[in-house]
Every structure is written in structure tokens, then in C-alpha cells.
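# Per-entry structural report
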Amino acid sequence: MAKPTTLKDHFRETRLFTHRAITALVFTIVLMLLLAIRLVNLQVIEHDTYAVLSDNNRVHIAALPPTRGLIFDRNGVLLAQNLPSYSLQIVPEQVDDVTATIEQLRQLIAITEDDEQRFHKRYKSSRRFKPITLRTRLSDEEVARFAVNRHRFPGVDIAARLYRHYPQGSLAVHALGYVGRINERELQHIDASNYEGTDFIGKTGVEKFYEDILHGEVGVQQVETNAQGRTLRILEQTPPEPGLNLHLTLDADIQRVAEQALGEERGAVVAIDPRDGSVLVLASMPGFDPNLFVGGIDSKTYHALRDSLDQPLFNRALRGRYPPGSTLKSFIGLAGLEYGVVEPDASIYCPGWYRLDGDDHKYRDWKKSGHGPVALNRSLVESCDVYYYDLALTLGIDRISSFLEPFGLNDLTGIDTSGELAGLVPSREWKRRAKREPWYPGETLITGIGQGFNLVTPLALASATATLSTYGQHLRPRIVAATEDPDTGDVVDFPVVLNIAVPVEDHANWHYIIKAMTDVVHSPRGTARRIGHDAPYEIAGKTGTAQVFGIKQDEEYVEEDIQKRLRDHALFIAFAPAHEPKIAVAVIVENGGSGGAVAAPIARKVMDAWLLDKGHLDDAPNAGETP
Amino acid sequence: MSLLDTPVHDLGQRRRSLAQNLHIDPPLLLGLLLLSGISLFILYSASGQNIDLVWRQVVRLGVGFTVMFTIAQLNPAPLKRWTPWIFAIGLGLLVAVLVAGEIGKGAQRWLDLGVFRFQPSEVMKLAMPMMVAWYLSDHPLPPTAKRLAIAGLIIIVPTLLIARQPDLGTALLVASAGIFVLLFAGIRWRVVAGFAALGAALAPVLWYFMHDYQRQRVLTFLNPEQDPLGAGYHIIQSKIAIGSGGLYGKGWLNGTQSQLNFLPERSTDFIFAAYAEEFGLFGILVLLAIYLFIIMRGLLIAVQAQDTFTRLLAGSLVMTFFIYIFVNIGMVTGLLPVVGLPLPLVSYGGTSMVTLMAAFGILMSIHTHRKLLPR
């Protein structure tokens, strides 16, 4: 209470206080106006900017990876499919301490050192806001365990994905190939936006060759996410376009027959339908389970596969380059006829060796005692080397190489799967280029029996055999017959392509050779007689052995004495029925020794399976399309 | 200005029978109830439709209004008599909290009294203006230089004690509560300007005594984009929330920044941003109008107060309330550094709200215990 003595002051003080209160009000209003201006600035003037920032916060673009096309064999047997799997992903941006998080996750989910290493490798190179896969193919139990504990792991989530699965395991693995994680190098060659959300890409085989068709088109989804990155709802989406299904020309049953026939041997079998170039069998043994590579193979298993002496990862059918050996004699003989330098009935004498004029070197026949007088037919039936030394010399290397070339022996066949290597038909020009040396006559001799510089892949040999069987129709081998749209079911057949038609001088020449090849199988002296005596159809074939290492002059070749890995490769080419061919086969068994004894029975099993078990022996004539 | 011009006696006579006897000031009560309503509405949305949290706020508001009504019944005269004791106790508690206080969120602010935990600095928010007003009120105003110096000491000691905890926001409020008393007491503007200059000169010294996190807040305020995911995140997200609200807002429960958890502390210190996002500039103007209404009413009560002590106290309490509003909104809109102050009566939270309601109780007490002068 104011005292009476300060009454005068009281009025003064009241006035002073009222002034100060008014000042305070003005001060308040001015500062409030300042706030209001600030808010107008944020909410009106800069509203558009902040509205965009707000949308950027909540709206995220998520890729919808397309479903990869399935792969079927010619009879609709499923060879490659997609199975759902759950994988564990981490978004680095949302995790404070990645290493600690992984340690904590270990208590719930098995994470191997390999998983962690792979994760860290990708962690270094990928962008912070993109999920990185830590573990794939979680078990149902692991998914459940994580789901319960998910709140403890911001930035870690389970993604449902489809992964590639090959239900037939190792069957035809070298034809099909497999998919694996996209690596750095592949990233540079693909349209990265189309692979948004896709982990896998075709690494080898058909999976690689038809990657574009199998992959499809990525879809886009606008999703609303919260600050923790969890998707709350879908705002807009463009669905992905699934990849097309592939229907192969391969026949899984015959493929299995071929692989089982090779058994423990190392080697390759290629079978082609000569009518349309369809590859029925493309086997390379030993193989491996492609499913190992899909989820990321662990390094121990991988090194075991890579370092195995049997080279299971090596695609012998497409990349193995072998000397064709005596199988080439059919073609050399045909060349002799077509160039008119051979009189079919004219014999030469085979003493077991051959010698060039002015040269001490003895070119040996496989039969030490010699074949005696040999004409063209018998030269093929008994596979006389001396006859072909002589014929090759007569033809000369230039005619040999230009005759063999249209059969595709010096080139890629152009098959529609990845990894094929070209064979080699030597020529003067080639030798000058590759070896910087002139051509020597002795090299012509050994070219005549398919030794020396000659190299051929099992695929090219089968293709050349098919070409021979069809009187020169060199069709491009094909492994995919058609694509199928999984949504509409529309099927698009792939055309049969004629690589080249081999110029034919006289059909009779071809007929003669084919007849001689049937004698190889069916005559009592034929080198492949053991598969011919009980065959219910006519087979034309030619055996071959290819030397792995040279034998010195005057040295005995005793098979039993040589280690298995130094033994000759066994080869066999055949087609059947001989005069209306429906299958052409090339078989190579590494270090198999004898073509007739080891390779021919394998070819027989494959032909039986196709012609008898599958009933193609009774196909109407020209059932297949030919261009 | 109309409120100031309202004839005091008409208003008093008409309401005397009920409001005056209950010691309630209806306009002030109306403003506070409006704010409480807005608070519950926005809390329901900002908490992610957490009705439990809304109920807890209802209980707190209930406690707050009870405290306000209780204090309003007290006559200001005994309040003035108790002032030195209240201040002494508050000062003692501040020392106690430094010695034996509990540490929460990296600062010593709490005193555990067994039944409930308690922030002594809250007492000081009221004790400080009371003490300064008490000290100045028995002598002619404006105060002499000597009295001003002693008043300055009264202000500085508790402020430093609170700043040591460290609680910069509360220290700021407590200091300004005392300073407002000095300003209302009529110290010359020249002197004010001199102190302002001195303050500016001492800023580097203050910087030296700051904790790292406090310095970081200032740095973040100066350049929030420098650390968008760390310290600057709050401000950036808050500005995005406010800015994207636009004129009309995104609508109740539809603020993506707050509903999708982008806005941190959205039911406590940053509730203004959640409100601005959902109700836009118009919603904000309504809120500011309510605040302004309360402040104007409070200043009117101060002007109509009948003695120096109540007048100075009322003026200071009202302006402290405004400081809360200005610092919080300034912080949320990026005008001021991040200082942990709630938006008064809207933010979720207990202790400071009870103190604020006690202050409004004092205002009502001052207004309703006036002796009506004969005409």
C-alpha cells in the first residue's frame, strides 16, 4: 500500500507505469508482427519450396523389379524358375553403427563371414539410402525371429524377393547357364535404371545370352514413407513388364541320357536335329549345380570347383577346342571327291607308314602293320591314316581349308547361348599371321587326319556333321525355339537360319561318303561296328582319336603305359537315320582312348533316346522346317 | 486498445457478484480455456492419435487450473510479505540442486522429493519478479542507481545458478522476469541501452562459459543446413512443416511432417510446427490473436493494479509469458537458436505449465482483490 507521504509520487508512478505498459504492449505487438512476417515468409512466399521438400520427405520412388522369364525344355519341362525368398536388407543411412547392428543381428540370424564381407564390399560402393542385402534366403524361422525384434533394428528390413532356381540341378548347366549378383563391370553395360531392385543378372549360357528378353522392364512405384523409411502406402504405380519365357530346343530327357552316358568321364556331347538346327543336347561333363551361384557361392565351394582338375566350370561343349582327329576324314574324303582328285575305287597301298619325298620323317598309321591296299570306302571304314596323308598332299592345304570353312569349322556357329569359341582350320595365310612362319608340306599331311593345328569345338563338330548329313545345309545351331509372353501366352517362334549352303559339286559324292560312314558303323570291319550290329536304324558315323601329346619317332604307343590324363581323346560323330537324318551327334571323351569303344556307345544311347524312346524315327519326311 | 479503454468500474460492478467473489477474471479464463482446447486438439494429432497422452494433458491442465484458482483466492498483501522468504527458499533449493540434484538429459535440474520430482528453477520464475518488485516497491520510482545495482544482484545470482545446471532457457526466462520488473519500474532508456551494449560486449564471454551442446545450438541456428541429419535436422524439418502448411494448412491429422515422424519433438517444444503444418497461416493468426488477447488483458490488469508491488509483478509476469511465446515460435521458425522452451499452455508437459498457471492465478488475485475506489 502506498503511504500517504508518497501520494504525490503515486500519481506520477501510475502515469510512468502506464506509459511503460503501453511501451510493453507496443513491444509485444511489434515482435508478434515480426513472427507473423516470418510465418508469411515461410508459409506463403516460400510455401512452394517447402511443399516440395515435404513431398520429398514422404514420397519415395521404389522400383518394382520385373519377374524373370522362365525357361522350359522342348517338352515343357521347367529348367529355370523363380521362387520366393526373404532377404535381410540394411539401409546404411538409417543405421548409426552398421558393424554393431550386424553383431546384434547375429543373435537372431546366421550371418557368415562371407555374407559380411560381401555386404561390406557393396556397402562401400553403394549409395547411403539404398538397401543393401546382408543375407539371402532366410528360413521361415529366421523371418519370424526378426519380425518380432524388428523394432530394435531401424533401417533393417526383410524384403520378399524372387530368386532363381534351377529345379533340374546340374542338368544342362553349361547350356542354360545361371544368374548371379550383378557386379561392377556388368553395371557399366546395363541400363541401371532397368535393374533397379534387381540383384541378379545372367552370367553364362542362355541366361546371359537372352538377358534382355528374360529380364523384362522395371516398374515404378511412388510410395509414402515415414521418417524411419517404412513404406506406408502406395500413391501411384506403373507395373513392371515381366520377362518372356523361353522354350528351348533342348530335350531334358535326352540331355540326361547324354550326361549319364558320359558318367564320370570328362567330355561333351552335342546333338543337333539336322532338319532345323535345333540343339537337342548340349552336355559338358562334369557339371555343377547352378543353384550354388544364385545366392552367392561361398568361396570354399567356389575354389573347389575352380581348382578341380576335372574343370567342372569349363564349358567343354562350347569352349573346348579339340583336334578333330579321324572324324575329319569324312570331310577330307568328301573334299577329294568334290575336287575330283579321288577315284573312289582306286586303291593305294598302306604299309603302316607314309613318307614325304626327300624327308626321312615317317608319318605313321595307327595300325602299325598297315592296311594293305586301301580305297576310299575302306579308308573311312578302317580309318586308314596313310590314305589321308596321301589325299591331303594331293589336295593341298589351300583346297582343304577352303573346303572345310563353309562347314563352320573355322568360325563360330553362331549358336544363341553365350561363351562359344571358334574352331580352327589352318591355312597358309593363318600360319603366316599367327605363327609368322611359312606352311610346310608335313603339316598338310597331319591336317588330313585331323591332327596338327586343327581345332574344333564339340558344338561345331556336331554342326558340321549335321551339315554333312543334309548335303550341305549348314543351319545355325539354335537352342531357343520360341519365346512366350507370360501374361498373354503369345508365342513367337524363332526362325531357322541358314548360315551357308555348302557348294555341292555332285550329290553322288556326298551319298558315297554317307554310305561309307554307314559302313563305319554297320560293316564287320568298321571301327564303330560295336554300336552297329544291333541298331534298329541305319547310322552313319566316324570315329576319331585325337593325340594329346606327341609320340617320338620309333616309340611304341602302348595305351596302358600312359597315364590316363595323357591318353588320346576319344571322338565320334554320327547321324541317323543315315539317309533321312533326324539327329546328328558329336561326342568327345577326354582321354577316353578309343573313339569306337568309348565315344560311339555314348552317341548310340543319345540317338536311341531320340529316335526310339521319343519316337522321332517315325517322323514324317521333312517334318522339320528347312529354309 | 479497446480493453485498455474499458471503464474499470462498469466492468467491476457488473461482474462483482459472481466472478469477483470467486476471484476469477473471466476474459483471462476465456483465453486460457481457448489455448487449452487448441492444445488438446493438436496434441491428439501430433502424438499420432495417442488418446492416453491427451488424457494426461487433460489431467495436467486440471492441476494447472486448480493451482490457478487456489492462488487467485490469496490476497496479494500476504504474498508480498512472504516474498523474501519464498525467494530465499528458492535460492536455497537452487544451491541444493547443484549439490544433490538428479541428472536428466545431461543437466542437473531435478530435485527428488520422494513423492515427486521437482525443478527449483520453476519456483524462481515466480520468486524472481516478486523479489525484485518487493525490493523496489517501497521506495519512489524510478529506482536510484544504488537500488538498481542491488536489484541487478538479485537478478544475476539465481540466473547464474540456473545457467550452471545448465538450463539456458529457464535462466533466460528468470533473468527476463527480473529485468521486466526493472523496465516497468521506469529505469531510464539510456540505462537500458547501456546495459544492452554491455550485454553485447559480454556475449563472447558467455560463449566461453557455454557447454558444447549449447554452442552447437547457436552454430546450428546460424547455419542449419551445415548438418542436415544431425543438429540442424530439427530446424530444417520444422521449417519444412511450417512452410508446407501454407495458408490453410494440410488439415487436422493430415500433416505429413508430423504424422510420418519427420518432425522431432512434435508434441513438446516443436508443437507449433505441427500446428502450423495442419492449420496453416490462418490457424496461426488465430493462435497469435489469443495470445495477444491474454497479454493485453494481463497488461490491463497490471495498469489497473493499485500498488507498486502488484503492478510491477503483474507486468513482469505477463511479459515473461510473452517471452515464452516469442522464444518458442522464434526457435521453431528458425529466427532464434534452439532453446528448450515449450509453447506456453499448448506444448505437452507438466512443470512449466503449473508455474504459468500459478502466475495467472497471481494476476487474477491482483485483479480481484482490488479495493474499489469510491466514485
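Computed from a predicted model, the values in this text were never measured in an experiment.

The secondary structure content of chain A amounts to 22 helices and 25 strands. When the 627 residues of chain A are sorted by exposure, 45% land in the buried category. A sequence separation of at least 24 residues applies to 74% of the contacts in chain A between residues at least 6 apart.

So, on to the sheet that holds strand β14 (residues 278–285) of chain A. Working definition: the strands of a sheet are paired by backbone hydrogen bonds and lie parallel or antiparallel to each other. Residue and element names in this part refer to chain A. The 5 strands are arranged β14-β13-β25-β24-β23 in an open sheet whose pairing can be described as antiparallel. The strands lining the two open edges of the sheet, one partner per strand, are β14 and β23 (540–546). This sheet shows a mean twist of 5° between the axes of neighbouring strands, independent of strand direction. Both strand β24 (residues 569–576) and strand β25 (residues 583–589) contribute to a ladder of 7 bridges, which runs antiparallel. Bridged to isoleucine 573 within β25 is alanine 586.

Below, the discussion takes up the confidence of the model for chain A. Residue and element names in this part refer to chain A. Mean pLDDT over chain A: 87, with 94% of residues reaching 70 or higher. A low-confidence stretch, residues 1–8 stays under pLDDT 50, and its non-local contacts, those more than four residues away or across chains, total 5 contacts. Within the model, pLDDT remains below 50 along residues 623–627, and this stretch shows 11 contacts once partners closer than five positions in the same chain are excluded.

Turning to unusual backbone geometry, a few remarks are in order. Residue and element names in this part refer to chain A. Omega for the bond connecting methionine 285 with proline 286 falls within 30 degrees of zero, at -5°, which places this linkage in the cis form. Note that proline 286 resides in the loop between β14 and α11 (291–294). Note that the residue after alanine 576, namely proline 577, is joined by a cis bond; omega there is -15°. Of note, proline 577 is situated in the loop between β24 and β25. Within the chain, serine 383 stands out as a residue other than glycine whose phi angle is a positive 60°.

Among the nonpolar cores identified, the biggest contains 129 residues, and A:Val269, A:Val270, A:Ala271, A:Val585 and A:Val606 are the most heavily contacted of them. Looking at which element gives the most residues to this core, the answer is helix α16 (residues 385–404) of chain A, with 11 residues. Ignoring sequence-local partners within four residues, the contact set of A:Val270 consists of A:Val279, A:Val281, A:Leu282, A:Ala317, A:Pro458, A:Leu459, A:Ala462 and A:Ala586. Core analysis: the next-biggest nonpolar cluster, separate from the first, contains 114 residues, B:Ala133, B:Ile187, B:Ala273 and B:Met319 among them.

All names here are of chain B. A rise of 1.5 Å per residue sets the reference length of helix α6 (residues 120–137), with its 18 residues, at 26 Å; its end C-alpha atoms lie 25 Å apart and thus fit the reference within 8%. At leucine 126, α6 shows its largest kink, close to 30°, and the proline proline 129 lies no more than four residues downstream. Along α6, 18 of the 18 residues are buried, which leaves the element largely enclosed by surrounding structure.

Thresholds applied
- Residues numbered from 1 in each chain as written.
- Chains lettered and ligands numbered in written order.
- Predicted model: local features only at pLDDT ≥ 70, side-chain atom pairs only at ≥ 80, totals over all residues.
- Helix = DSSP H or I, 4+ residues; strand = E, 2+ residues; numbered from the N terminus.
- Buried ≥ 20, exposed ≤ 12 C-beta atoms within 10 Å, placed from the backbone.
- Contact = placed C-beta atoms within 7 Å.
- Pairing = 2+ DSSP bridges.
- Axes fitted to C-alpha atoms, helices over the stretch in contact; angles between N-to-C directions.
- pLDDT = per-residue confidence, 0-100.
- Core = buried A, V, L, I, M, F, W, Y, C linked by C-beta atoms within 7 Å.
- Expected span 1.5 Å × (residues − 1).
- Bend = angle between axes of the 7 residues up to and from the residue.

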